[in-house]
Amino acid sequence: MKITEDEVRYVAELANLKLSDSEVQKFQADLDEILVHIDRLNDIDTSQVEPMSQVLYDAEETATLRPDRERPGLGTQLALANAPLAGAGYFKVPEVIKR
Amino acid sequence: MDIASLTIDAVREGLRARTFTSTELTIAALQFAREENRKTNAYLTFSEERALSGAKRVDETLARGADPGPLAGVPIAVKDVIVTKGLRTTCGSKLLANYIPPYDATAIERLEAAGGIILGKTNCDEFAMGSSTENSAFGPVRNPHAPDRVPGGSSGGSAAAVAQGTAVVALGSDTGGSIRQPASFCGVVGVTPTYGRVSRYGLTAFASSLDHIGPLGRSVRDAALLLQVIAGRDRLDSTSAEAPVPDYIAHLDGNIKGLKLGLPREYLKDLTSETGDLIARAVEKLKKLGCEVRDISLPATDYAVACYYVIATAEASSNLARYDGVRYTLRSAFSDSLSDMYRNTRGEGFGAECKRRIMLGTYVLSSGYYDAYYLKAQKVRALITRDFTNAFAEVDAIVAPVSPFPAFKIGEKVNDPIAMYLSDIYTITGDLAGIPCMSVPCGKTAEGLPVGMQILAKHFDEAKMFRLADAFERAGGACS
């Protein structure tokens, strides 16, 4: 077995994801199956290979840096427009630190 | 006017000859789309007001005698993971059921600047995660060729709309096959351009190093015309490429004599079904058209699914962290603390497939596992890319299947997620390497289900890919 139910609960905590007991059971089985499949990555020799984090191709140098000029942002009103709870120009959230 | 079979050229000609105005066409197209949508659930939202004001601009431009643009008046559907200012964009998720984006994606700006008319937003798997559009929070899409079957996914709504004729062309997105596979299942053309060819600005991020926006159409020509408009460098996406965009239509000359095509044996060894027969017939047809076909090997293919589901889920777990109940519309009503609010909102908001992928991605990035999974997968990704580079030193393009099977029944595979992942084998390699690839209709099974043929080309060589696909299309596909 690659992953236990306790590990599933731990990973759910890391991911800020509330799972029901039946979801924990289901994901334990699913993740186990896919992790067993993923194990085949160990069968291929990559000792001489550089990791590829982005698509690489022969092309002219792409100018990824733009001039550092001031640009208008979205503005508070638009930025807050989809918030479930906002007020006084801020996102409102439940109490973080008890007074 | 037969709305369901319109082409971009027919729209242009109709407007020029004053057979119809852009407003008349838009009204008729919206009415047709609304009626037909009952059969498929392809559209989630119609944008009547925006479409009609766009049509009015086209009509006014024409009345002035000016050029209204290459997509003037063309009814277009847009996958609901691409943001549209002021127009609800759900990503197929309950989390964003009421999300109204404050800006337009670059691809949207460009197609509207070219005169294109957005009819509405199309259904998809939640955050583009899936191969059947069954993972949408707003109900599955039905395949126009067989209503008890899926249209493929995740761009199932866009593919179904084009197949059904409720849009002339559509935008989709592709991370592991989400344009090509539904195009194949619905019998339309679907194109995943080179990574960096089309700006991702405004494409809701799933796996940023793999995400693409691309066109779907009923012909290679229409798909190429749409790509022409949306392609090119955008300063708002630092990964968009400076490479010049050639005139794709100029390459559709039907001449593919002497083109060298590679047939990867790893893609065909397990293909015994009707799909395999159709691909074999397509290859014979391409030989008759003058192509030189040779067997090639892409040895790292067997590791592609494993590689993909590490990288894609790792990136997704990070990208989807933003849906935490603070900024994006949905918040759980039952939380006393901030951390509970995060957990409850995400637990209630995400569907099963998103949760599964967030869990896998978080696991492979968690402490102690990074080297064994993510770093290893990045190295295997380099090997998969090297296979293609080696192949393209010998051949002009690669021909392959899109999916091991045609459209399956709704509900048939929903309880076996791993089998669903494994069926992405032929499409994920193109995304991992970042090369252009597409599905072009090949033929139909005895049951009448469409099957697509995949064409893959080297980076930024969409023109050659289109030339081959167009010649194959003109010749009637595999079966004529």
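Please refer to the structure higher up on the page.
Analysis parameters
- Residues numbered from 1 in each chain as written.
- Chains lettered and ligands numbered in written order.
- Predicted model: local features only at pLDDT ≥ 70, side-chain atom pairs only at ≥ 80, totals over all residues.
- Heavy atoms only, no water.
- Core = buried A, V, L, I, M, F, W, Y, C linked by side-chain atoms within 4.5 Å.
- Buried < 20%, exposed > 50% of the residue type's maximum accessible area, 1.4 Å probe, protein only.
- Helix = DSSP H or I, 4+ residues; strand = E, 2+ residues; numbered from the N terminus.
- Contact = heavy atoms within 4.5 Å.
- Salt bridge = Lys/Arg side-chain N within 4 Å of Asp/Glu carboxyl O.
- Polar contact = N/O pair within 3.5 Å; in protein donor to acceptor, adjacent residues only side chain to side chain.
- Pairing = 2+ DSSP bridges.
- Patch = residues over 30% accessible without salt bridge, like charges linked within 9 Å, V, L, I, M, F, W, Y side chains within 5 Å.
- Areas by Shrake-Rupley, 256 points an atom, 1.4 Å probe, with all protein chains shown as cover.
- Axes fitted to C-alpha atoms, helices over the stretch in contact; angles between N-to-C directions.
- Parallel < 35°, antiparallel > 145°, perpendicular 65-115°, else oblique.
- Left-handed = near helix turned anticlockwise from the far one by under 90°.
- Nonpolar A, V, L, I, M, F, W, Y, C, P; charged D, E, K, R; others polar.

The next thing to look at is the nonpolar core. Residues and elements named next belong to chain B. Judged by nonpolar contacts, the single largest core of 168 residues is most densely connected at Phe-127, Leu-171, Ile-230, Phe-388, Met-453, Phe-466 and Leu-468. Sorting elements by how many residues they give to this core places helix H10 (residues 304-319) first, with 11 residues. Apart from the residues lying within four places of it in its own chain, the contact partners of Met-453 are Ile-279, Ala-282, Leu-286, Val-399, Ala-400, Val-402, Met-438, Ser-439, Val-440, Cys-442 and Phe-472. By size, the runner-up hydrophobic cluster in this structure holds five residues, among which are Val-150, Phe-185, Ala-407 and Met-420.

Right, let's talk about unusual backbone geometry for a bit. Most peptide bonds take the trans configuration, and most residues that are not glycine carry a negative phi. For the bond from B:Gly153 to B:Ser154, the omega torsion is 10 degrees, close enough to zero to count as cis. Locating B:Ser154 in the fold gives a position in the loop between strand S3 (117-122) and helix H5 (156-164). Residue A:Asn16 is not a glycine yet carries a positive backbone phi of 55 degrees. Position of A:Asn16 relative to the elements: it lies in the loop between helix H1 (5-14) and helix H2 (21-38).

Moving on, we get to the interface of chain B and chain A. The interface of chain B with chain A comprises 75 residues on the first partner and 59 residues on the second. Between A:Asp30 and B:Arg356 there is a salt bridge; the shortest N-O distance is 2.7 Å. In this assembly, chain B and chain A are joined by 14 residue pairs in polar contact (both at pLDDT 80 or more). Those elements giving two or more residues to the side of chain B that touches chain A turn out to be H10, helix H11 (338-349), helix H12 (352-365), helix H13 (371-392), helix H14 (417-422) and helix H15 (425-433) of chain B. Ranked by the residues each element gives to the side of chain B that touches chain A, the list is headed by H13(B), at 12 residues.

Here we come to the pairing of strand S11 (residues 450-456) of chain B. Residue and element names in this part refer to chain B. Within S11, seven of the seven residues are buried, which leaves it mostly tucked inside the rest of the structure. Here S11 shows a buried face lined by Pro-450, Gly-452, Gln-454 and Leu-456 and a second buried face lined by Val-451, Met-453 and Ile-455. With four bridges joining them, strand S9 (residues 397-401) and S11 adopt antiparallel strand pairing. Each residue of the ladder has a partner; that of Pro-401, found in S11, is Met-453. Here strand S10 (residues 437-444) pairs with S11 via seven bridges, running antiparallel. Bridge pairing in S11 links Met-438 to Ile-455.

Side chains of A:Val93, A:Val96 and A:Ile97 sit close together on the surface and give an oily, nonpolar patch of about 290 Å² of accessible area. Within the secondary structure, A:Val96 sits in the segment after strand S2 (90-91).

Our next topic: the pattern of salt bridges. Residues and elements named next belong to chain B. Going through the model one piece at a time under the given rule, you end up with 32 salt bridges over all chains. Note that Glu-394 is salt-bridged to Arg-294, the shortest N-O span being 3.7 Å. Here Arg-294 lies in strand S8 (residues 292-296) and Glu-394 lies in the loop between H13 and S9, a separation of 100 residues in the sequence.

What follows covers the packing of H1(A) against H2(A). Residues and elements named next belong to chain A. It is the contact of H1 with H2, at a shortest axis distance of 9 Å, that shows an interaxial angle of 110 degrees. On the basis of the axis angle, H1 is roughly perpendicular to H2. For the element pair H1 and H2, the recorded crossing hand is right-handed. In this structure, H1 uses Glu-5, Val-8 and Arg-9 to contact H2, whose residues at the interface are Asp-21, Val-24, Gln-25, Phe-27 and Gln-28. Classifying every residue of the contact of H1 with H2 gives three nonpolar, two polar and three charged.

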